[in-house]
Amino acid sequence: MAGGETTKTSEKGDNLRGIPEAQFVEDVEEFMSKESGGAEEVIRRLDEQLSKYRFMESHLTATRTKLKHQVPDIKSCLQIIEEMKARQDSTEDLETRFLLSDQVYVKATIPPSNKVCLWLGANVMLEYDLDAAEVLLNKNLNNANTKLSQVISDLDFLRTQCTTTEVTIARVYNWDVRRRRAEAAKTTQQRKN
């Protein structure tokens, strides 16, 4: 697990974010005696469960990617605020370049100020004083890091569930193949007698 963390599970085998735990089948014969339908039906249900795990995994991977990009952006904003705070008492303008779009930077001259505008998303930008902006960005950074560690933990849990489900599918399939071969051999033996 990432950072030595473990994924917490509830009493019914789900982790705390509602991802159900896959059942590891130790004894396939006993498992199949409890299941309704044949091996094909059980494999179909397990395959459906595996598809759900894969969907959750792709969603969490996208979330992890978004958060991995968000954390450096927040850190960059905090560095800019620190620089602005350091130059706040200065009368010199700050010359810098900022990212306008992908790989397009624009040169800017920033006069000393104790205010900064933060892009909050959804076409919303608000003006904050430097201290309030720093507090907000630190809070957002902590939230993003916490969410990132949760997502990484969930991804580890999901990978384990995918592997367990794949192993169960293989074991049920192999059990069914052995059962069919035994039936075929038994039928062949009865025909000979």
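Residues numbered from 1 in each chain as written. Predicted model: local features only at pLDDT ≥ 70, side-chain atom pairs only at ≥ 80, totals over all residues. Heavy atoms only, no water.

### Re the overall build of the protein
On a plain count of helices and strands, the protein comes out with three helices and four strands. Helices and strands appear in the protein in the N-to-C order α-α-β-β-β-β-α. Relative to the 2.2 N^0.38 estimate, which gives 16 Å for 193 residues, the radius of gyration of the protein is 28 Å and therefore markedly larger than a compact globule would have. Counting only C-alpha atoms, the protein reaches 105 × 35 × 30 Å along its principal axes. Per-residue burial over the protein gives 28% buried out of 193 residues. (Helix = DSSP H or I, 4+ residues; strand = E, 2+ residues; numbered from the N terminus. Rg over C-alpha atoms; globule rule 2.2 N^0.38 Å. Buried < 20%, exposed > 50% of the residue type's maximum accessible area, 1.4 Å probe, protein only.)

### A closer look at the confidence of the model for the protein
Overall, the prediction assigns the protein a mean pLDDT of 88, with 91% of residues at 70 or greater. Within the model, the stretch residues 1-7 combines pLDDT values under 50 with eleven contacts to residues more than four positions away or in other chains. (pLDDT = per-residue confidence, 0-100. Contact = heavy atoms within 4.5 Å.)

### Observations regarding unusual backbone geometry
Not every positive phi belongs to a glycine, and Gln103 is a case in point at roughly 60 degrees. Looking at Gln103, the relative accessible area reads 77%, which means it is exposed. Here Ala122, not a glycine, exhibits a phi torsion of approximately 55 degrees, which is positive. Relative to the elements of secondary structure, Ala122 occurs in the loop between strand 3 (115-121) and strand 4 (124-129).

### Some points on the nonpolar core
Across soluble globular proteins, you tend to see nonpolar side chains buried next to one another. Counting residues in each nonpolar core, the largest one holds 37 residues, and the members touching the most others are Met32 and Val172. Listed by contribution, the elements that provide at least two residues to this core are helix 1 (28-34), helix 2 (39-86), strand 3 and helix 3 (130-192). (Core = buried A, V, L, I, M, F, W, Y, C linked by side-chain atoms within 4.5 Å.)

### Thoughts on the environment of Glu127
Relative to the assigned elements, Glu127 resides in strand 4. Note on Glu127: relative accessible area 52%, which makes it exposed. Considering only alpha carbons, one finds Glu127 and Lys115, twelve residues apart in sequence, at a separation of 6.6 Å. Look past the residues within four positions of Glu127 in its chain and what remains in contact with it is Lys115, Val116 and Cys117.

### Points about a nonpolar patch on the surface
On the surface, Phe98, Leu100 and Val104 cluster together into a nonpolar patch covering about 270 Å² of accessible area. Looking at the secondary structure, you find Phe98 in strand 1 (residues 94-101). Looking at Phe98, the relative accessible area reads 38%, which means it is partly exposed. (Patch = residues over 30% accessible without salt bridge, like charges linked within 9 Å, V, L, I, M, F, W, Y side chains within 5 Å. Areas by Shrake-Rupley, 256 points an atom, 1.4 Å probe, with all protein chains shown as cover. Salt bridge = Lys/Arg side-chain N within 4 Å of Asp/Glu carboxyl O.)

### What about the pairing of strand 2 (residues 104-110)?
Here strand 1 pairs with strand 2 via seven bridges, running antiparallel. The partner of Ser101 across the bridge, within strand 2, is Val104. Hairpin connection from strand 1 to strand 2: two residues lie between these consecutive antiparallel strands, with Gln103 at a positive phi of about 60 degrees. (Pairing = 2+ DSSP bridges.)

### Here we look at the pattern of salt bridges
The full count for this structure, using the stated rule, is 18 salt bridges. Residue Glu83 pairs with Arg87 through a salt bridge whose shortest N-O separation is 2.5 Å. What makes Arg87 partly exposed here is its relative accessible area of 32%. Lys107 is the partner of Glu95 in a salt bridge, and the nearest nitrogen-oxygen pair spans 3.6 Å. Taken together, the residues Glu95 in strand 1 and Lys107 in strand 2 connect sequence positions twelve residues apart. On the accessibility criterion, Glu95 (53% relative accessible area) is exposed.

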